[in-house]
Amino acid sequence: MVAHLLSLRWRVMLNGFRRSTWQLIAAIIGLLYGLGILALLVGGLFALSFAPETWAWTVGVLGGSVAVLGWVVVPLLLRGVDQTLAISKLRAFPLPADRLLVALLACGVLGVPGLVTLVAGVATGLSWWQHPLSLLTAVVCGVVGVLTCIAASRALESLTSSLGAHRRYREVMGVLVFVPLILAGPLIVLAGTGLSSLRDDLPKIAGVLSFTPLGAVWSVPGDLALGRPGEAGVKALIALATLAVLLLLWRVGLRAALVSSPGAAASGRSKGLGPFRWFPATPTGAVSARTAVYWLRDPRYGGSLVIVPLLPVLAVFLAATTGSDWLLYALGPGIAALLAVTLCADVSYDGTAFAAHLSTGVSGRADRAGRVITLSLFAVPVVVVATLVPLAVLGELTKAPALLGIGLGVMLTGFGVSSVASTRFLMPVPAAGESPFKSPQGASLTSALGMYAAWALSFAFALPEIALGLVALAQGSLLLGVAALVVGLLLGGVLVVVGVVRGGRSLDERGPELLARLRRASGS
């Protein structure tokens with residue numbers, strides 16, 4: 001069973017590389033990069049052997065604790081990304097839980113993340129090569145540590161497998177995983193600042209972690225080298241007990257997951273009409289309501305906007321670290337520019353469900369107007385708040401008309417441009433139910449250029465209010481700022497109407513062609 005599951009896992013991964021040359025090249029580059037990081041890590045562990053034993057022990061405990069915590073948290077956030085050996089797929093086969101546990105444990109060790117962790121764990125012995133007993137102990141503890149990482153990850157996956165059936169859980173996890181990536185810069189700076197200020201306290205922190213399941217196994221070799229055999233024995237017992245408990249929990253969760261019904265967690269409760277109660281019973285209102293349902297329930301829509309609430313965090317952080325407030329001034333217009341071309345992907349997100357718009361005979365104009373109205377209900381308040389709140393904090397509300405004119409003008413213009421652009425080209429987007437951040441096949445340079453072209457046209461058509469707003473900001477003129485706001489609203493409103501009319505006409509002409517392309521893209 002181990003050999004079969006392992007070959008299946010590697011075969012799926014290799015077949016994915018065969019589909020695309022560029023995907024294979026990216027994988028090779030990623031592999032070389034990972035090997036470089038691993039080589040640096042091994043070199044660093046060897047260099048610690050020439051440092052005081054306390055340093056090597058502190059680094060080993062802290063680094064090992066982070067590794068165990070990472071194995072627990074990261075798979076929980078990335079649930080659904082790698083489904084090769086998911087319990088939901090293995091449930092259909094008559095596999096004994098005990099044999100499957102051993103097979104999954106071996107596959108976890110021999111997978112790419114497991115092998116990397118194993119090499120790093122065994123390499124901790126290089127820090128103690130001058131202490132033969134600690135060296136041998138470190139190799140054994142490295143293996144136990146890797147087994148602990150995999151058992152902790154799999155145990156949590158098995159015990160929470162029922163959560164994976166809940167749509168909201170998958171959506172939230174799929175979006176939250178990218179929050180740390182977007183905030184990586186501030187987090188790295190804050191972590192560096194915190195570590196520098198806690199430099200003298202790191203051994204104390206490592207001492208506490210060494211008596212916990214996170215760091216016990218990584219502390220044993222250093223305790224032996226530092227002449228603490230009693231503590232080493234206690235921590236070895238903690239490490240072995242932790243591994244035993246995790247394997248037991250994994251076994252219990254695995255047995256329960258293998259016999260549970262795949263649809264047991266699904267809810268059959270009716271939730272009423274939802275957004276269809278909020279809009280009038282007209283073709284435009286129906287499209288608005290259906291689009292609102294997508295915005296509220298489809299994680300791909302929310303995933304595309306995950307950066308919006310994080311932009312204020314980045315702006316405040318950069319303003320605090322650089323002493324420059326210009327990012328706070330640009331926050332509202334920046335969010336407006338991001339939202340301006342969101343509608344370019346609306347038809348692509350519909351997928352083959354776009355047939356509902358065609359089969360009912362709804363006019364293209366109603367379709368375009370309904371989508372714009374729904375997005376405007378969210379986008380306009382967000383841009384206004386993102387513009388006014390920083391200015392109120394800075395005491396610069398006199399700049400509000402100019403910045404609102406720029407932001408709202410660019411956004412409304414973008415809505416008009418997007419209403420036409422989404423009928424001219426389709427953006428490759430993740431399929432319904434997939435991670436909103438998955439890179440779909442067919443994401444070509446042409447599609448990216450289409451998005452950039454829509455952006456460029458939006459800025460070009462919004463040049464009057466942009467120019468007026470910048471001049472008003474440079475001269476501190478409230479009158480010019482009000483003029484920029486009036487021009488932005490009037491010109492943007494006209495361009496939205498023009499975009500809805502022309503986009504509707506284009507949709508009426510090209511609707512069947514768009515549906516055919518959507519069906520080809522989905523493989524149906």
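Check the entry above for the structure.
Here the structure is a predicted model, which is why all the values come from computation and not from measurement.

A. Representation of the overall build of the protein in the model. Tallying secondary structure elements over the protein gives 25 helices and zero strands in all. Across the 524 residues that make up the protein, the buried fraction comes to 42%. The long-range share in the protein, meaning contacts at least 24 apart out of those at least 6 apart in sequence, stands at 80%. Total accessible area on the protein stands at roughly 26,400 Å², and carbon and sulfur atoms take up 72% of it.

B. Examining the packing of aromatic side chains more closely. Across all of its chains, the model carries three aromatic pairs by this definition. Seen from their ring centres, Phe 46 and Phe 50 are 5.4 Å apart, and the 85° between their planes marks the pair as edge-to-face. Under the relative-accessibility criterion, Phe 46 is labelled partly exposed at 36%. For Phe 50, a relative accessible area of 56% corresponds to the exposed category. Where Phe 46 meets Trp 129, the ring centres are 6.3 Å apart and the plane angle is 20°; that geometry is what we call stacked. Separated by 83 residues along the polypeptide, Phe 46 in helix 2 (residues 21-47) and Trp 129 in the loop between helix 6 (112-123) and helix 7 (132-159) bring together distant segments of the chain. One aromatic cluster is present, built from ring pairs that chain together Phe 46, Phe 50 and Trp 129.

C. Representation of a nonpolar patch on the surface. Together, Ile 28, Leu 31, Leu 32 and Leu 35 make up a nonpolar patch on the protein surface, roughly 400 Å² of accessible area in all. Locating Leu 35 in the fold gives a position in helix 2.

D. Seen up close, helix 21 (residues 364-394). Taking 1.5 Å per residue, 31 residues should reach 45 Å; helix 21 reaches 45 Å between its end C-alpha atoms and fits that length. Remark: the principal bend of helix 21, roughly 40°, maps to Ser 376. Of the residues one or two after helix 21, Gly 395 is the one with positive phi, at around 70°.

E. Just the nonpolar core, in detail. Grouped together as the largest cluster of nonpolar side chains are 37 residues, with contacts concentrated most on Ile 335, Leu 339, Cys 344, Val 383, Met 411 and Phe 415. Broken down by secondary-structure element, the contributors of at least two residues to this core are helix 14 (283-297), helix 16 (311-322), helix 18 (331-340), helix 21, helix 22 (400-421), helix 23 (445-461) and helix 25 (478-522). In this view, Met 411 contacts Ala 336, Leu 339, Ala 340, Ala 379, Val 380 and Val 383; residues no more than four positions away in its chain are not counted. Trp 71, Cys 141, Val 144 and Ala 151 belong to the second largest nonpolar core, which has 24 residues in total.

Definitions and cut-offs
Residues numbered from 1 in each chain as written. Predicted model: local features only at pLDDT ≥ 70, side-chain atom pairs only at ≥ 80, totals over all residues. Heavy atoms only, no water. Helix = DSSP H or I, 4+ residues; strand = E, 2+ residues; numbered from the N terminus. Buried < 20%, exposed > 50% of the residue type's maximum accessible area, 1.4 Å probe, protein only. Contact = heavy atoms within 4.5 Å. Areas by Shrake-Rupley, 256 points an atom, 1.4 Å probe, with all protein chains shown as cover. Phe/Tyr/Trp six-rings, centres within 6.5 Å; stacked < 30°, edge-to-face > 60°. Patch = residues over 30% accessible without salt bridge, like charges linked within 9 Å, V, L, I, M, F, W, Y side chains within 5 Å. Salt bridge = Lys/Arg side-chain N within 4 Å of Asp/Glu carboxyl O. Expected span 1.5 Å × (residues − 1). Bend = angle between axes of the 7 residues up to and from the residue. Core = buried A, V, L, I, M, F, W, Y, C linked by side-chain atoms within 4.5 Å.

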